[in-house]
Amino acid sequence: MQPLIEEDIVERLRNPETQRKAFAQVVEAYSEKLYWLIRRMGVSHDDANDVLQNTFMKAWMNVEHFRGEAKIFTWISRIAINENITFLNRQRAMNQISIDDTDAFLLDKLKGDEYFDGDALQLKLQEAILSLPEKQRIVFTMRYHDDMKYEEISEILGTSVGALKASYFHAAKKIEAFLTSDI
C-alpha cells in the first residue's frame, strides 16, 4: 500500500461522496500501528482488537468534526489512547482495583494470552512497564516501543515536550530499577 497523502485524505474525508473510501484507507494504513500502540500498553490481543475497533468506530462517528488541524494519525492516536484508558478503567472497576494500584491484573491477562510469545525477559520488561503509573506507561510505550518523537507525543497527549521528557526519564529509571532489583 502506498503512503497516504495527508491533504488528499483530509479533503476526501470532508467530501460525503468519498468519505467512506477515504476512511477505509485510513483504517488500512493505521490499523497495525494503532493495534501495537494499544497492545503495548498492557492490553491482551483480544482486548486490543476490541479497543482498536472502538477507536475506529469513534473516529468514523466523529469524522465530520476532524478539521485537519492535526495529522490524521495524531487525531486517531488520541482517540485510541482515550479508548484504551476508558477500557482499562472499566477493567479496574470490574476487578475492584483502585486507579492508584498497580495493574497486576493486566500482567495476569498477558501471561494467559495465547498470542504473547515473549520469553521470560520480555515478560519481566512488560511487568516493569505495567508497574508504572498510567501516564508514564503511555509516554514510555510511545517513545520506547513506537519510537515516536517527543513533539509527536506532545501533539497526541496535549502535554509539553519538557513534561514528556521528564515522564520518560522517570519511567526509564523505574524500569531499570525494577529489572535490576533481582541482580
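Residues numbered from 1 in each chain as written. Predicted model: local features only at pLDDT ≥ 70, side-chain atom pairs only at ≥ 80, totals over all residues. Heavy atoms only, no water.

As for the overall build of the chain
Stage number 1. Tallying secondary structure elements over the chain gives nine helices and zero strands in all.
Stage number 2. Helices and strands appear in the chain in the N-to-C order α-α-α-α-α-α-α-α-α.
Stage number 3. Expressed as a percentage of the 183 residues in the chain, the buried residues total 42%.
Stage number 4. The contacts of the chain with a sequence gap of at least 6 include a subset with a gap of at least 24, amounting to 61%.
Stage number 5. For the chain, the computed accessible surface area is about 10,500 Å², with 51% contributed by carbon and sulfur atoms. (Helix = DSSP H or I, 4+ residues; strand = E, 2+ residues; numbered from the N terminus. Buried < 20%, exposed > 50% of the residue type's maximum accessible area, 1.4 Å probe, protein only. Contact = heavy atoms within 4.5 Å. Areas by Shrake-Rupley, 256 points an atom, 1.4 Å probe, with all protein chains shown as cover.)

As for the packing of aromatic side chains
Stage number 1. Applying the stated criterion to the full structure yields eight aromatic pairs.
Stage number 2. Relative to Phe73, the ring of Tyr30 lies with its centre 5.3 Å away and its plane at 45°, an arrangement referred to as tilted. Linking Tyr30 in helix H2 (residues 19-39) with Phe73 in helix H4 (residues 72-94), this pair joins segments that are 43 residues apart in sequence.
Stage number 3. On the basis of relative accessibility, which here comes to 6%, the residue Phe73 falls in the buried class.
Stage number 4. Aromatic side chains Phe66 and Trp75 sit 4.7 Å apart centroid to centroid with 40° between the ring planes, which places their arrangement in the tilted category. Here Phe66 matches Trp75 in class, with each residue buried.
Stage number 5. Members of the aromatic cluster, each reached through a chain of ring pairs, are Phe140, Tyr144, Tyr150 and Tyr168.
Stage number 6. Here the basic side chain of Lys33 rests over the ring of Phe73, its NZ or CZ set 4.3 Å away from the ring centre. (Phe/Tyr/Trp six-rings, centres within 6.5 Å; stacked < 30°, edge-to-face > 60°. Lys NZ or Arg CZ within 6 Å of the ring centre and 35° of its normal.)

Here's the deal with the nonpolar core
Stage number 1. Leu13, Leu34, Ile72, Ile76 and Met142 are the most contacted members of the largest nonpolar core, which totals 45 residues.
Stage number 2. When contributions to this core are tallied by element, the ones reaching two or more residues are helix H1 (6-14), H2, helix H3 (45-61), H4, helix H6 (120-130), helix H7 (134-145), helix H8 (150-157) and helix H9 (161-180).
Stage number 3. For this core, the leading source of residues is H4, giving nine residues.
Stage number 4. Look past the residues within four positions of Ile76 in its chain and what remains in contact with it is Val26, Leu34, Thr55, Phe56 and Ala59. (Core = buried A, V, L, I, M, F, W, Y, C linked by side-chain atoms within 4.5 Å.)

Overview of the side chain of Gln19
Stage number 1. Among the structural elements, Gln19 can be located in helix H2.
Stage number 2. By relative accessible area, Gln19 is classed as buried at 17%.
Stage number 3. Here Leu13 takes part through its backbone oxygen, which lies 2.8 Å from a polar atom of the side chain of Gln19.
Stage number 4. Those residues in contact with Gln19 that sit more than four places away from it in its chain are Arg12, Leu13, Trp60 and Val63. (Polar contact = N/O pair within 3.5 Å; in protein donor to acceptor, adjacent residues only side chain to side chain.)

Description of the environment of Tyr150
Stage number 1. Locating Tyr150 in the fold gives a position in helix H8.
Stage number 2. A sequence separation of 13 residues divides Tyr150 from Ala163, and the C-alpha atoms of the two residues are 9.8 Å apart.

Focus: the packing of H4 against H8
Stage number 1. Where H4 contacts H8, the axes come no closer than 8 Å and their chain directions differ by 60°. Compared by their axis directions, H4 and H8 come out oblique. As for how H4 packs across H8, the hand of that crossing is right-handed. Across from Phe73, Thr74, Ser77, Arg78 and Ile81 in H4, the residues of H8 making contact are Glu152, Glu155, Ile156 and Leu157. (Axes fitted to C-alpha atoms, helices over the stretch in contact; angles between N-to-C directions. Parallel < 35°, antiparallel > 145°, perpendicular 65-115°, else oblique. Left-handed = near helix turned anticlockwise from the far one by under 90°.)

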